[in-house]
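# Fold and contact review
Letter by letter, the chains look like this.
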Amino acid sequence: MAASALASAETGNPGAGDFGHALAQRERRFAAALLAPAFLALLATTTFPLIFLVWTSTYRMNLAMPFMNGFVGFENYRMLLIDERFWSSLLISLVYTGTTVALQVAIGLALALLVMDMKRGQGWFRLIAILPVVLSPAVVGMIWRTFMLAPDFGIVDFLAINAGLGSQNWLGDPTLAMVSVIAIHTWQWTPFAFMVLLASLASLPEDIYEAARLDRATAWQRFRRITLPLLRPAIVMVVIMRTMVALTAFAAIFTVTGGGPGTATEILNLYAYRKSFIELSIGYGAALAVALLIVTIVISGVLFALRRAK
Amino acid sequence: MTARRLRAAVILAISAVFLLAWAFPIIWSVLNSFKTDSDVLAYPPKLIFSPTLGAYREVLFGSGSILPNLVSSMIISVGTTIVTMLMAIPAAYALARLRFHGKKFAGFYVLTTQMLPPVGIIIPYFLVLQTIGWIDTYQGIILIYLSFSLPFAIWLLVSYFEDIPLEMEEAAYLDGASRLRTLWRIIIPQVRGGIAVTVVFVFLNAWNEFLFAVVLSGNTVRPVTVAMFNFVSVEQTLWAKLAAVSVLAMLPVVVLGVVAQKQIVKGLTIGAVKGGGRR
């Protein structure tokens, strides 16, 4: 009903006279009507929270001690600069993001090159690779924490024992816990890089390779001089997308270690969450979230500059 | 000739290792879900055991059933998908096809909204929803899910709208059809494929979301990803039941993933080329 009413309001072609102008104006109005719902929703769910977040970060707002609340200006940011836990969580974020993204792209690219040459069995890869990608990071974290990494009967520990490494406290030791959460993220998202890079490889023009073969270029030369440069845009895009996700990873660390032991796997995102919703210090948590946003903007700025650069 | 064979064997071995590494944690969870607790805890791990449906019976029909949580997840995901698509389809069409001032800026705005870290959205949103009493409600969760589903859906759909030949639209205008009718009758049927891909992604992301859900859920609205925690505590882990719940939480997305495999890969690739996509 509503649709037909709207439609009838739109009927009729503009008459003679300023035909083009009327048409353009009508098009603008139509565009505004179509965009309005989505943009109002985006303003309400992203831009408004951003403004409110920055505002919150200038207040002392502790849900456990509301009598202390009030405007403090840049006090939260001043505290943040001398907060060791902030700097360590920032470092953990950078290590986590750097290693997981590098591993995903390296393994994903190597596998894509390998599978590209396969005459049979590509279908298996495409089928299996989709599985980790569609799973909830929370469920993935839970599975790894229990059935894969639990002492003794967890499969990874079982394999470690049989490889002569002995049973390890995978999530209780600070270094191993970090290795574990990096491995879990890499396990889940390497198929993403693999699938995107495989699709990009498949779309590369065949005749360049023919020409290279005629010129007797070695496999390594073909990879270095042809594949890599042609694949570069796709690789950079994968790096950008995966970096944004890794920086704000939450579920797969929250479910596996909760940021622990201590703060060994507490990335900045998790610290902001813990500060706000566990320690109920919302004003300071907001300042941490703003810091994370700034880090995200700086890193993506660098990556996009890299993308444009030759 | 032998070198070639050796190479093939090496490739096969590497492939097998990776396929197994990706599939195994999932297969192992499925196997564990059909075990008793003592079989789960057995050392060395048991590949052969007498399967039981006990864990499923308990988590579905026992006390503390997770059926309401599965329903919660379904309502949130379907609700988010419907609302997102109703808003994203018209917006994507306008961005792809219409001429208006500030179009570039509008597209850029959609892209930048994806840069906001979720934790930066949930902190202020928690305060707002608390004030208006929307914590632990479907409308609260679905509203905030739009923050990530809308930008993604709009970007994905724009690329599909851009692929339709212009001539069809022009022919419809010349016939005197209104813009809205043209959009509904001529254009939307052309992007059915793109809409299907987008629906799959929005549903998956909503089903899998965790941070917003863990902050906003309560006794009424608690999706299965959050309810999973009932089965692990400091004192004890209910192993077989946890496996059963994990499998139930995975089931819809795995089925969707296998069925819509081609579409998902296509969506990922478009996302990678266009720069959309968040999680």
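Anyway, here's the lowdown on the structure attached to this text. Think of each chain on its own: its residues are numbered from 1, step by step along the sequence as written. For naming, the first written chain is A and the first written ligand is 1, with later ones following in the order written. The predicted origin of the model limits local features to residues at a pLDDT of at least 70 and limits the giving and counting of side-chain atom pairs to 80 or more, whereas totals for whole chains, interfaces and linings rest on all residues. Only hydrogens and water are set aside when side-chain values are computed; all heavy atoms of the structure are taken into account.

## Focus on the overall build of chain B
Under the DSSP-based scheme used, a helix requires at least four consecutive residues in state H or I and a strand at least two consecutive residues in state E, with every element numbered from the N terminus. A count of helices and strands for chain B gives 14 helices and zero strands. Counting helices and strands in the order they occur from the N terminus, chain B gives α-α-α-α-α-α-α-α-α-α-α-α-α-α. When the backbone C-alpha atoms are referred to their principal axes, chain B occupies close to 75 × 70 × 30 Å. Burial status follows relative accessibility: with a 1.4 Å probe on protein chains alone, a residue under 20% of its type maximum counts as buried, one over 50% as exposed, and anything between as partly exposed. Across the 279 residues in chain B, those meeting the buried criterion constitute 58%. Considering only intrachain contacts with a sequence separation of at least 6, the fraction spanning at least 24 residues in chain B is 74%. Each accessible area is a Shrake-Rupley result for a 1.4 Å probe, and residues are judged covered by the shown protein chains and nothing else. Accessible surface for chain B amounts to roughly 12500 Å². Of this, 68% is attributable to carbon and sulfur atoms. Residues scored as positive are Lys and Arg, those scored as negative are Asp and Glu, and His as well as the terminal groups of each chain are ignored. To locate a charge, the coordinates of NZ of Lys, CZ of Arg, CG of Asp or CD of Glu are taken. Averaging the locations of the 21 positively and 12 negatively charged side chains of chain B gives two centres separated by 8 Å. Residue contacts are defined here by distance: any two heavy atoms, one from each residue, within 4.5 Å place the two residues in contact.

## Notes on the nonpolar core
One broad rule of soluble globular proteins: the nonpolar side chains tend to lie buried together. One finds F194 of chain A together with I154 and F161 of chain B to be the most contacted residues of the largest nonpolar core, which totals 199 residues. When neighbours within four sequence positions are excluded, I154 of chain B is seen to be in contact with A38 and L42 of chain A together with A88, A91, A92, L95 and V110 of chain B. In this description, a nonpolar core means a group of buried Ala, Val, Leu, Ile, Met, Phe, Trp, Tyr and Cys residues linked to one another through side-chain atoms lying within 4.5 Å.

## Observations regarding helix α8 (residues 174–202) of chain A
Think of an α-helix as 3.6 residues a turn; residues three or four steps apart then line up on the same face. Residues and elements named next belong to chain A. In this model, α8 (29 residues) spans 42 Å end to end at C-alpha, consistent with the 42 Å of a helix rising 1.5 Å per residue. At any given residue, the bend is defined as the angle formed between two axes, one fitted to the seven residues that end at that position and one fitted to the seven that begin there. If you look at α8, its biggest bend is around 35°, right at W189, and the proline P191 turns up within four residues after that. For α8, the tally of buried residues reaches 23 of 29 residues, placing the bulk of the element in the interior. Two or three places before T175, at the start of α8, stands the capping residue D173, its side-chain oxygen 3.2 Å from that residue's backbone nitrogen. By definition here, a helix of n residues has an expected span of 1.5 Å times n minus one. Any pair of N or O atoms that falls within 3.5 Å is considered a polar contact. Within protein, one atom must be able to donate a hydrogen and the other to accept it, and sequence-neighbouring residues count only if both atoms are side-chain atoms.

## Points about the interface of chain B and chain A
On the side of chain A, 97 residues touch chain B, which itself brings 96 residues to the contact. Area buried by chain B at its contact with chain A is led by W22, I123 and R179 of chain B, which between them contribute 10% of it. In the sections that follow, a salt bridge refers to a side-chain nitrogen of Lys or Arg positioned within 4 Å of a carboxyl oxygen of Asp or Glu. Put simply, chain B and chain A have two salt bridges between them. In this structure, the salt-bridge partner of E27 of chain A is R99 of chain B, at a minimum N-O distance of 3.4 Å. Note on terms: buried area is the combined drop in 1.4 Å-probe accessible area of two parts once they are placed together, counting the loss on both.

## Examining the packing of helix α6 (residues 118–131) of chain B against helix α7 (residues 138–162) of chain B
Residue and element names in this part refer to chain B. Helix axes are fitted to C-alpha atoms over the stretch in contact, other axes to C-alpha atoms as well, and angles between N-to-C directions run from 0 to 180 degrees. Interaxial distance between α6 and α7 falls to 12 Å at its minimum, and their mutual angle equals 150°. In this view, α6 runs roughly antiparallel relative to α7, as classed from their interaxial angle. Seen from above, α6 lies across α7 with right-handed handedness. Where α6 abuts α7, its residues I121, I122, Y125 and L129 lie against G140, L143, I144 and S147. Orientation categories follow fixed angle ranges, with anything under 35 degrees roughly parallel, anything over 145 roughly antiparallel, 65 to 115 roughly perpendicular, and all other angles oblique. Crossings are assigned a handedness: left-handed for a near helix turned anticlockwise from the far helix by less than a right angle, right-handed for a clockwise turn.

## Here we look at the packing of aromatic side chains
Pairing of aromatic rings covers Phe, Tyr and Trp, the last counted by its six-membered ring, and requires centre-to-centre distances within 6.5 Å; plane angles under 30 degrees mean stacked, over 60 mean edge-to-face, and any other angle means tilted. This model, assessed by the stated rule, comprises 32 aromatic pairs over all chains. Summarising the aromatic geometry, the rings of F52 of chain A and W55 of chain A are spaced 5.6 Å apart at their centres and angled 25° between planes, so their arrangement reads as stacked. Here F52 of chain A pairs with W55 of chain A, and both are found in helix α2 (residues 19–56), just three residues apart, close to one helical turn. Take F52 of chain A: its relative accessible area is 18%, and that puts it in the buried class. Measuring from ring centre to ring centre gives 5.6 Å for W220 of chain A and F223 of chain A, while their planes differ by 35°; the resulting arrangement is tilted. Taken together, the residues span about one helical turn, with W220 of chain A and F223 of chain A both in helix α10 (residues 219–247) at a distance of three residues. What makes F223 of chain A buried here is its relative accessible area of 18%. Feature note: the residues F250, F254, Y273 and F277 of chain A together with F126, F210 and F229 of chain B constitute an aromatic cluster, connected by ring pairs. Counted as over-ring charges are cases with an Arg CZ or a Lys NZ within 6 Å of the ring centre that also lie within 35 degrees of the ring normal. The cationic tip of R242 of chain A hangs over the ring face of F192 of chain A; the distance from NZ or CZ to the ring centre is 4.5 Å. For the cation-ring pair, K35 of chain B lies above F49 of chain B, with the distance from its terminal atom to the ring centre recorded as 5.1 Å.

## Focus on the packing of helix α5 (residues 103–112) of chain B against α7 of chain B
All names here are of chain B. Interaxial distance between α5 and α7 falls to 9 Å at its minimum, and their mutual angle equals 130°. The orientation of α5 relative to α7 falls into the category oblique. Note on packing geometry: the crossing formed by α5 with α7 is left-handed. Residues G107, V110 and L111 of α5 form the contact with α7, whose participating residues are P151, I154 and W155. Across the contact of α5 with α7, the residue classes tally to five nonpolar, one polar and no charged. Gly is placed with the polar residues, together with every amino acid not listed as nonpolar (Ala, Val, Leu, Ile, Met, Phe, Trp, Tyr, Cys and Pro) or charged (Asp, Glu, Lys and Arg).

## Re the side chain of T46 of chain A
Following the sequence through the fold, T46 of chain A ends up in helix α2. Its relative accessible area of 1% is what places T46 of chain A among the buried residues. In this structure the side chain of T46 of chain A is engaged in a polar contact, spanning 2.5 Å, whose partner is the backbone oxygen of L42 of chain A. When near neighbours in sequence (up to four residues on either side) are disregarded, T46 of chain A contacts Y109, T113, L116 and S147 of chain B.

## Looking at unusual backbone geometry
Cis peptide bonds are those with omega within 30 degrees of zero, and the linkage from G260 of chain A to P261 of chain A qualifies with 0°. Note on placement: P261 of chain A falls in the loop between α11 (251–254) and α12 (268–278). Following Y43 of chain B, the chain continues into P44 of chain B via a peptide bond in cis, with omega recorded as -5°. Relative to the elements of secondary structure, P44 of chain B occurs in the loop between α2 (37–40) and α3 (54–61). Phi is positive for D152 of chain A, which is not a glycine, with a value near 70°. The topology assignment puts D152 of chain A in the loop between α6 (137–148) and α7 (155–162).

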